[in-house]
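# Chains, contacts and geometry: an overview
Chain by chain, the residues run as shown.
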Amino acid sequence: MAPEFKHISVLRDELVQSLHLQAGSIAVDCTAGGGGHTELILQAVGPQGKVLAFDRDPWAREVLTQRFQKELDQGILELIPEPYSQLENVLSQKQLLGKISGVCADIGVSSPQIDHGERGFSFAKDGPLDMRMDPTRGVSAAEVVNTFPEAELLRIFREFGEEPKAHFIVKAIAHRRAQSPISTTFELSELIAANVHYKERSRKNPATKVFQALRIFVNDELGELEALLKAIPAVLAPQGRCSIITFHSLEDRMVKLNFKALSEGDSHQFDRRLPLTAQQLAKLENRQYRIIKPFPLVPSDQEQESNPRSRSAKLRVIERLSKETET
Ligand SMILES: C[S@@+](CC[C@H](N)C(=O)[O-])C[C@H]1O[C@@H](n2cnc3c(N)ncnc32)[C@H](O)[C@@H]1O
């Protein structure tokens, strides 16, 4: 595959610091990618610790293997070639449930996935219309576009892309695919550009939302995140933390609501101007998680300027309490 794999980690220090890892901890990086966060996690847990690093992209795992050959040989790092929705299963097999001090995820695609046309993620680079992070599993974007019923395409473009012109785009796709299949990213983006006209000049490429929707659907990104969020209680050790960076409002909302539900009884949820009721006090005493403030954290102006892809990032952190940490 293409030689260079260049990804700038977003909130690199902030994400790893938020996990509060100690030497000897066991940690999980759900989205190892180019290994920018993994490297700092390895430093934090040290030679007595252990890091499990998931990535479902074979190319990323190849790069990680080269970068961390020493840590892999020493057994400090283990690469897991599975989607992170398998986190609970994988940890159960390794008898590590309830023993993880830090779990992090930097959700979404890496820059190399977007930048290399042959992966088929980008409307700006020509290539086969694929978009699978793991090209060995599941259905490609081309299969979706060429074979799914129109009603299903409409749902995908609306639900995952919030595309207001989904109806026109689906009609154009249906007309086109009746003649010949849509096989490349440029074929799809040109078809959209020819059929959708936005008034505002400054608008992004008209294919932006459809490409985003297809990517989210093809990789079941929301289903993956949901499974990860569900696994938190089974996975974290007392005082363990889970830190998640999202780039999309649908995902951020899922993380926010899930953390809020887990931390029910957290004093942050009560109106500070009023005295606590007996019910609130009982909740406070029984709470098992706390949301770490002041989150969500977003990249500094400087980071956003030097890495425009960090602009929509939001970091949220939750901690599982133990008797000793309760305050
Ligand atoms: C934004 S990049 C992570 C970059 C990484 N934190 C770094 O510092 O280099 C996201 C990575 O997560 C992987 N990924 C996304 N969703 C995944 C999933 N559900 N399971 C496993 N890996 C996933 C992608 O293949 C990609 O390499």
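Conventions and cut-offs
Residues numbered from 1 in each chain as written. Predicted model: local features only at pLDDT ≥ 70, side-chain atom pairs only at ≥ 80, totals over all residues. Heavy atoms only, no water. Helix = DSSP H or I, 4+ residues; strand = E, 2+ residues; numbered from the N terminus. Rg over C-alpha atoms; globule rule 2.2 N^0.38 Å. Buried < 20%, exposed > 50% of the residue type's maximum accessible area, 1.4 Å probe, protein only. Contact = heavy atoms within 4.5 Å. Near = heavy atom within 4 Å. Polar contact = N/O pair within 3.5 Å; in protein donor to acceptor, adjacent residues only side chain to side chain. Areas by Shrake-Rupley, 256 points an atom, 1.4 Å probe, with all protein chains shown as cover. Nonpolar A, V, L, I, M, F, W, Y, C, P; charged D, E, K, R; others polar. Pairing = 2+ DSSP bridges. Right-handed = clockwise from strand over helix to strand, strands pointing away. Axes fitted to C-alpha atoms, helices over the stretch in contact; angles between N-to-C directions. Parallel < 35°, antiparallel > 145°, perpendicular 65-115°, else oblique. Left-handed = near helix turned anticlockwise from the far one by under 90°. Disulfide = S-S within 2.5 Å. Domains from an automatic or database assignment. Buried area = accessible area lost by both parts, 1.4 Å probe. Salt bridge = Lys/Arg side-chain N within 4 Å of Asp/Glu carboxyl O.

Let us look at the overall build of the chain. Across its full length, the chain holds 15 helices and seven strands. Relative to the 2.2 N^0.38 estimate, which gives 20 Å for 327 residues, the radius of gyration of the chain is 21 Å and therefore close to what a compact globule would have. For the C-alpha atoms alone, the extent of the chain along its principal axes is close to 65 × 55 × 40 Å. Expressed as a percentage of its 327 residues, the buried residues of the chain come to 50%. Contacts spanning at least 24 positions in sequence make up 71% of the contacts within the chain whose residues lie at least 6 apart.

Further remarks concern the site of the ligand. What surrounds the ligand is a group of 23 residues, the closest being Ser9, His37, Asp55, Asp106 and Glu224. Contact distances for the ligand include 2.9 Å between an oxygen atom and a side-chain N or O atom of glutamine 113. If the ligand stood free it would expose 600 Å²; the protein chains cover 99% of that surface. Among the residues making up the shell around the ligand, the classes are represented as six nonpolar, eleven polar and six charged.

To continue, consider the pairing of strand β5 (residues 236–246). Burial analysis of β5 places nine of its eleven residues in the buried class, which makes it a mostly covered element. With six bridges joining them, β5 and strand β7 (residues 314–320) adopt antiparallel strand pairing. Each bridged residue has a counterpart across the sheet, and for threonine 246 the counterpart in β7 is lysine 314.

The next thing to look at is the pairing of strand β2 (residues 50–54). Within β2, four of the five residues are buried, which leaves it mostly tucked inside the rest of the structure. Sheet topology note: the strand β1 (residues 26–29)/β2 ladder contains four bridges and is parallel. Looking across to β2, one finds that aspartate 29 is bridged to alanine 53. For the crossover that starts at β1, traverses helix α2 (residues 36–45) and ends in the parallel β2, the hand is right-handed. Two strands pair when backbone bridges link them, and β2 and strand β3 (residues 77–80) are joined in this way by four bridges, in the parallel orientation. Note that in β3 the partner of phenylalanine 54 across the bridge is isoleucine 80.

Across the interface, helix α12 (residues 221–235) lies against helix α13 (residues 249–262) with an axial gap of 11 Å and an inter-helix angle of 15°. When the axis of α12 is compared with that of α13, the two are roughly parallel. Crossing hand, α12 versus α13: right-handed. Judged by residue contacts, Glu221, Leu222, Leu225, Glu226, Leu229, Ile232 and Pro233 of α12 engage Leu250, Glu251, Met254, Val255, Asn258, Phe259 and Leu262 from α13. Classifying every residue of the contact of α12 with α13 gives ten nonpolar, one polar and three charged.

A separate point is the state of the cysteines. This model, assessed by the stated rule, comprises zero disulfides. Note on cysteine 104: no disulfide assigned, nearest cysteine sulfur contributed by cysteine 30 at a separation of 6.7 Å. Using a relative accessible area of 0% as the deciding quantity, one classes cysteine 104 as buried. Distance from the sulfur of cysteine 242, which forms no disulfide, to the nearest cysteine sulfur (cysteine 30) is 7.1 Å.

The domain architecture assigned to the chain consists of domain 1 (12–112 + 222–320) and domain 2 (134–218). Look at where the C-alpha atoms of domain 1 and domain 2 centre, and you get two points 32 Å apart. In this complex, domain 1 contributes ten residues to the contact, which on the side of domain 2 involves nine residues. Each partner contributes to the roughly 750 Å² buried at the junction of domain 1 and domain 2, and carbon and sulfur atoms together form 55% of this total. Among the residues of domain 1 in contact with domain 2, Leu222, His248 and Leu250 are the three that bury the most area, contributing 43% of the side total. Here domain 1 and domain 2 share one salt bridge between them. Between glutamate 82 and arginine 137 there is a salt bridge, and its shortest N-O distance comes to 3.7 Å. Seen at the junction of domain 1 and domain 2, the total is one residue pair in polar contact (both at pLDDT 80 or more). For the side of domain 1 that touches domain 2, the residue count by class is six nonpolar, two polar and two charged.

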